[in-house]
Amino acid sequence: MKLYDLYIIHRDGRNIFHKGFCESNLDATIISGFLSALTEFSKEALPSDGLLNVIEKGNIKVIFTHGSFLHTALICEADRKEIIYLNNRLADLTERLEKSYSEVLKEWSGDLNDFKNIEEVVSDTFRETVRLSQPPNIKELADKRSIYFYSVDEDGFNIFNIFYKDSVSFKLFLKNFSIPEILVSQLLNRLKTAYLTLDEIRKEFNIEEETLLKLIKNLTLRGIISVCR
Amino acid sequence: MFADSLPLEDLDIPKIARGLTSYIKRILIQTLLAEGLPDILNDYRSILDLVHTMNIKDLKLFRELIVSLVKLGVVEQNGDLFKWIGGEIRVTSEEEELKILAEPWIKILQVYFKKLPDLLKGKTRLQLHEPGIWDSIYSTPLYQLLWVNAIKRLNITGDSTILEVGCKTGWCTINLLNIFKPKNIIAVDSNQDFLNIAEENVSNLLPDKRFKVTFIKHDFTSEIDFTGCLQDTKPDKIIVSYLFHWYNESDYLNILSNLKKCIAENADIIFIQPHIAYKNQTTFFQLPLYVEEGFKGYPLLETLVNSIITAGFSAPKREYNLYLYSKNSLENAKPVRISPDPPKYCKNCGGRLQENAFFCAYCRSIVDFNINLPLL
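Please read all numbers here as calculations on a predicted model, not as lab measurements.

1. Re the overall build of chain B
Then, in step 1: The helix and strand tally for chain B stands at 12 helices and 10 strands.
Then, in step 2: Out of the 376 residues in chain B, the part that is buried amounts to 57%.
Then, in step 3: Sequence separation of at least 24 residues holds for 73% of the intrachain contacts in chain B that already meet a minimum separation of 6.

Right, dumping it as structure tokens:
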């Protein structure tokens, strides 16, 4: 699965929060108005009791969940099983936000400062999802190096220790690209405590960029390193 | 990539099964001790009573858990009531041996069991599907042994075109290229993340053979005709790997019929699906896998076998209880009825078999199910 954008929209159509996971050229305000209008339209025009859950165009899906005050919409690439998973994550997020901001949401003036810490709630709810999703491609990571940060959470660290640290396949990979095993352990330990950009890692660990990108690709694809903006 | 592996006959599978059972028992006891179940179950109580006390949301899974604990001798059953009797949590020597053969599998189970209490309390299932599982199990001696024996059955030659359904992270593809040297491989998976890793693994480890592999994202339950993806190619050796537990029984026939449309006549096909259930009930082996979003339970032997036959393949032969071998035959095989109970006595020597035994403990012959009973 690949995540593009997350929108948290007030039921009156105003955008509350937008998070981009990969580079896209969408305008958050326009998109949130469009998504909200679409939800309302489907409610009025389509002969069904339920609200809009998923819309699809080619590979791209927009997954919706609806709370009492909030609509959340996630633009992504996902298969059927992943849609169920993402839907559950969105439902968790909606529930958490409506609980945390229940007073604000009842009569929201439109002041975005009312939603302090919303980014933390989103990051916390989507931490695992981001780790499991496809990272942006290497070219994008290299070209837009200053906007992407790398980190390792507890689960990512455990995955490395359980599945890869002693795995024959991972050792083969490291051998193929002459990457010392110790360097991987050091890198993961460092990323457990800090969010670093590509240049910061390169400088700190004195690795050639091409090798570092290969290693990052390997570890992000396997859900060990998370990429965030 | 594979080291020289033991002949399958030399592998003491009953011993491995015992090691796995004692391991699961130990981990389950530890998990449930942390949840306080022994204190709650210090006297006979019904499942409904427990569900209420422990705020359990997934009743079906909880029932399966309690039944599994009864089977493992950790909980005592008296009619509809259950009581904790506990069990040893020391590491057995059989567990240690299992660890040598299949360490990542053991670690995976531990990860899954840790998540089980949350799942019972209604937390949403996890989208694990960790590529790490597939990146690591291919290198275990146990997997190598089982895999090599299953693949040998296909008689792959230098002219073979292989269709690999469920290629995961590409290790089967890599080993096929290395060991059996087929003409080409069409590696299919419904998970794009796995395909990305598979492609990376093959490109990194066998760059000179990468051209032989075509990776395709496809779900055989979808309406998209897969023959269109193959152009004029007709694969003649088919490997279906660990697929059916991600689908409902009602999808089996659809998957198999769609598969049949795109393969060569008389193509050899193996379904690597070691966990095939005789009865429609959860065993403690599959209990932790329910942690994963989309896990539908292991296929029932009779359902899977009859789906294969109805789709137009020859009556599958179950070998080593680990995989099913069939052919894309033009002959119409009749559906079969398979007893929901595994065989109790050895066909060769008549010795009584242990539960879920793969080998007869007396004559060492392989236990197989009886598939010769046509349905009326």
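2. Quick look at the sheet that holds strand β5 (residues 70-77) of chain A
Residues and elements named next belong to chain A.
Then, in step 1: A sheet is described by the order of its strands in space; here five strands give the open sequence β2-β1-β5-β4-β3, paired in antiparallel fashion. Whereas interior strands pair on both sides, the edge strands pair on one side only; in this sheet they are β2 (15-20) and β3 (54-57). Mean inter-strand twist for the sheet, computed between neighbouring axes without regard to direction, equals 15 degrees.
Then, in step 2: Sheet topology note: the strand β1 (residues 2-10)/β5 ladder contains eight bridges and is antiparallel. Paired with aspartate 5 across the two strands is isoleucine 75, which belongs to β5.

3. Observations concerning the interface of chain B and chain A
Then, in step 1: The interface of chain B with chain A comprises 36 residues on the first partner and 32 residues on the second.
Then, in step 2: The interface formed by chain B and chain A includes two salt bridges.
Then, in step 3: Between A:Arg222 and B:Asp135 there is a salt bridge, with the nearest N and O atoms lying 2.6 Å from each other.
Then, in step 4: Remark: the boundary between chain B and chain A carries nine residue pairs in polar contact (both at pLDDT 80 or more).

4. Here we look at helix α5 (residues 93-120) of chain B
Residues and elements named next belong to chain B.
Then, in step 1: The terminal C-alpha atoms of α5, which comprises 28 residues, lie only 31 Å apart, well short of the 40 Å expected from a rise of 1.5 Å per residue.
Then, in step 2: Approximately 110 degrees is the largest bend angle found in α5, and it occurs at alanine 102, with the proline proline 104 only one to four residues beyond.
Then, in step 3: Once α5 finishes, glycine 122 follows within two positions and takes phi at roughly 95 degrees, a positive value.

5. Focus: the domain arrangement of chain B
Then, in step 1: Domain annotation for chain B reports domain 1 (11-124 + 342-376) and domain 2 (141-327).
Then, in step 2: The distance between the C-alpha centroids of domain 1 of chain B and domain 2 of chain B comes to 27 Å.

6. Quick look at the pairing of strand β10 (residues 323-327) of chain B
Residue and element names in this part refer to chain B.
Then, in step 1: Across the five residues of β10, four count as buried, placing the element largely inside the fold.
Then, in step 2: Pairing geometry for strand β8 (residues 268-272) and β10, over five bridges, is antiparallel. Bridge pairing in β10 links isoleucine 272 to tyrosine 323.

7. Quick word on the packing of helix α6 (residues 154-164) of chain A against helix α8 (residues 181-193) of chain A
All names here are of chain A.
Then, in step 1: Direction vectors running N to C along α6 and α8 enclose 165 degrees, while the axes themselves pass 10 Å from each other. Comparing their axes, α8 and α6 come out roughly antiparallel. Remark: the crossing between α6 and α8 carries left-handed chirality. In contact with Glu154, Phe157 and Phe160 of α6, α8 contributes Val184, Ser185, Leu188, Asn189 and Lys192.
Then, in step 2: Taken together, the residues of the contact of α6 with α8 break down into four nonpolar, two polar and two charged.

8. With respect to the pattern of salt bridges
All names here are of chain A.
Then, in step 1: For the structure on display, the rule yields 22 salt bridges over all chains.
Then, in step 2: Across the salt bridge formed by arginine 96 and aspartate 124, the nearest N and O atoms sit 3.1 Å from each other. Of this pair, arginine 96 sits in helix α2 (residues 80-100) while aspartate 124 sits in helix α4 (residues 118-132); the two residues are 28 residues apart in sequence, bridging distant segments of the chain.
Then, in step 3: Here arginine 96 falls in the partly exposed class, since its relative accessible area comes to 34%.
Then, in step 4: Using a relative accessible area of 43% as the deciding quantity, one classes aspartate 124 as partly exposed.
Then, in step 5: The closest approach of N and O atoms between arginine 145 and glutamate 209, which form a salt bridge, is 2.5 Å. Here the residue arginine 145 occupies a position in the loop between α5 (138-143) and β6 (149-151), and glutamate 209 occupies one in helix α10 (residues 209-221), the gap between them amounting to 64 residues.
Then, in step 6: Residue classification places arginine 145 among the partly exposed positions, given a relative accessible area of 21%.
Then, in step 7: Classification of glutamate 209 as partly exposed rests on a relative accessible area of 22%.

9. So, the pairing of strand β7 (residues 237-241) of chain B
Residue and element names in this part refer to chain B.
Then, in step 1: Of all five residues that make up β7, five are buried, and the element is covered over most of its length.
Then, in step 2: Residue alternation in β7 divides its side chains into two sets, Lys237, Ile239 and Ser241 and Ile238 and Val240, and both sets are buried.
Then, in step 3: Summarising the sheet, strand β4 (residues 161-165) and β7 pair through four bridges and their orientation is parallel. Residue pairing in the sheet places valine 165 in a bridge with valine 240 of β7.
Then, in step 4: Bridging between β7 and β8 involves five bridges; their strand directions are parallel.

10. Observations regarding the packing of aromatic side chains
Then, in step 1: According to the stated counting rule, one finds 14 aromatic pairs over all chains in the structure shown.
Then, in step 2: Aromatic pair A:Trp108 and A:Phe115: ring centres 5.3 Å apart, planes at 75 degrees, arrangement edge-to-face.
Then, in step 3: Relative accessible area serves as the criterion here: at 6%, A:Phe115 is assigned to the buried category.
Then, in step 4: Each ring, one from B:Phe244 and one from B:Phe271, has its centre 6.0 Å from the other, and the planes form 50 degrees; the classification is tilted. In this pair, B:Phe244 sits in the loop between β7 and α11 (249-261) while B:Phe271 sits in strand β8, placing the two residues 27 residues apart along the sequence.
Then, in step 5: The exposure class of B:Phe271 is buried, given its relative accessible area of 0%.
Then, in step 6: Grouping aromatic residues by their ring pairs yields a cluster made of A:Phe160, A:Tyr164, A:Phe170, A:Phe173 and A:Phe177.
Then, in step 7: When the ring centre of B:Tyr325 is taken as reference, the NZ or CZ atom of B:Arg153 above it lies at 3.9 Å.
Then, in step 8: Directly above the aromatic system of B:Phe313 lies the positively charged group of B:Lys260, at a separation of 5.5 Å from the ring centroid.

11. Some points on the environment of B:Glu103
Residue and element names in this part refer to chain B.
Then, in step 1: Position of glutamate 103 relative to the elements: it lies in helix α5.
Then, in step 2: Of the residues examined, glutamate 103 reaches a relative accessible area of 31% and is grouped as partly exposed.
Then, in step 3: C-alpha of glutamate 103 to C-alpha of phenylalanine 295: the two residues are 192 residues apart in sequence and 22 Å apart in space.
Then, in step 4: For glutamate 103, the residues in contact, after removing those within four places along its chain, are Leu98 and Thr140.

12. Focus on the confidence of the model for chain B
Residue and element names in this part refer to chain B.
Then, in step 1: In the predicted model, chain B carries a mean pLDDT of 83, and the fraction of residues at 70 or more is 87%.
Then, in step 2: Taken as a whole, residues 369-376 scores under 50 in pLDDT and shows 20 contacts with residues more than four places along the chain or in a different chain.
Then, in step 3: Interface scoring of the predicted complex returns ipTM 0.70; its pTM is 0.78.

13. What to know about the nonpolar core
Grouped burial of nonpolar side chains is what soluble globular proteins tend to show.
Then, in step 1: With 148 residues, the main nonpolar core has A:Tyr150, B:Phe62, B:Leu69, B:Leu116, B:Trp147, B:Leu163 and B:Leu176 as its most contacted residues.
Then, in step 2: Ranked by the residues each element gives to this core, the list is headed by α5(B), at 11 residues.
Then, in step 3: Grouped together as the second largest cluster of nonpolar side chains are 29 residues, A:Leu6, A:Ile16, A:Cys76 and A:Tyr101 included.

Rules behind the numbers
Residues numbered from 1 in each chain as written. Chains lettered and ligands numbered in written order. Predicted model: local features only at pLDDT ≥ 70, side-chain atom pairs only at ≥ 80, totals over all residues. Heavy atoms only, no water. Helix = DSSP H or I, 4+ residues; strand = E, 2+ residues; numbered from the N terminus. Buried < 20%, exposed > 50% of the residue type's maximum accessible area, 1.4 Å probe, protein only. Contact = heavy atoms within 4.5 Å. Pairing = 2+ DSSP bridges. Axes fitted to C-alpha atoms, helices over the stretch in contact; angles between N-to-C directions. Salt bridge = Lys/Arg side-chain N within 4 Å of Asp/Glu carboxyl O. Polar contact = N/O pair within 3.5 Å; in protein donor to acceptor, adjacent residues only side chain to side chain. Expected span 1.5 Å × (residues − 1). Bend = angle between axes of the 7 residues up to and from the residue. Domains from an automatic or database assignment. Parallel < 35°, antiparallel > 145°, perpendicular 65-115°, else oblique. Left-handed = near helix turned anticlockwise from the far one by under 90°. Nonpolar A, V, L, I, M, F, W, Y, C, P; charged D, E, K, R; others polar. Phe/Tyr/Trp six-rings, centres within 6.5 Å; stacked < 30°, edge-to-face > 60°. Lys NZ or Arg CZ within 6 Å of the ring centre and 35° of its normal. pLDDT = per-residue confidence, 0-100. Core = buried A, V, L, I, M, F, W, Y, C linked by side-chain atoms within 4.5 Å.

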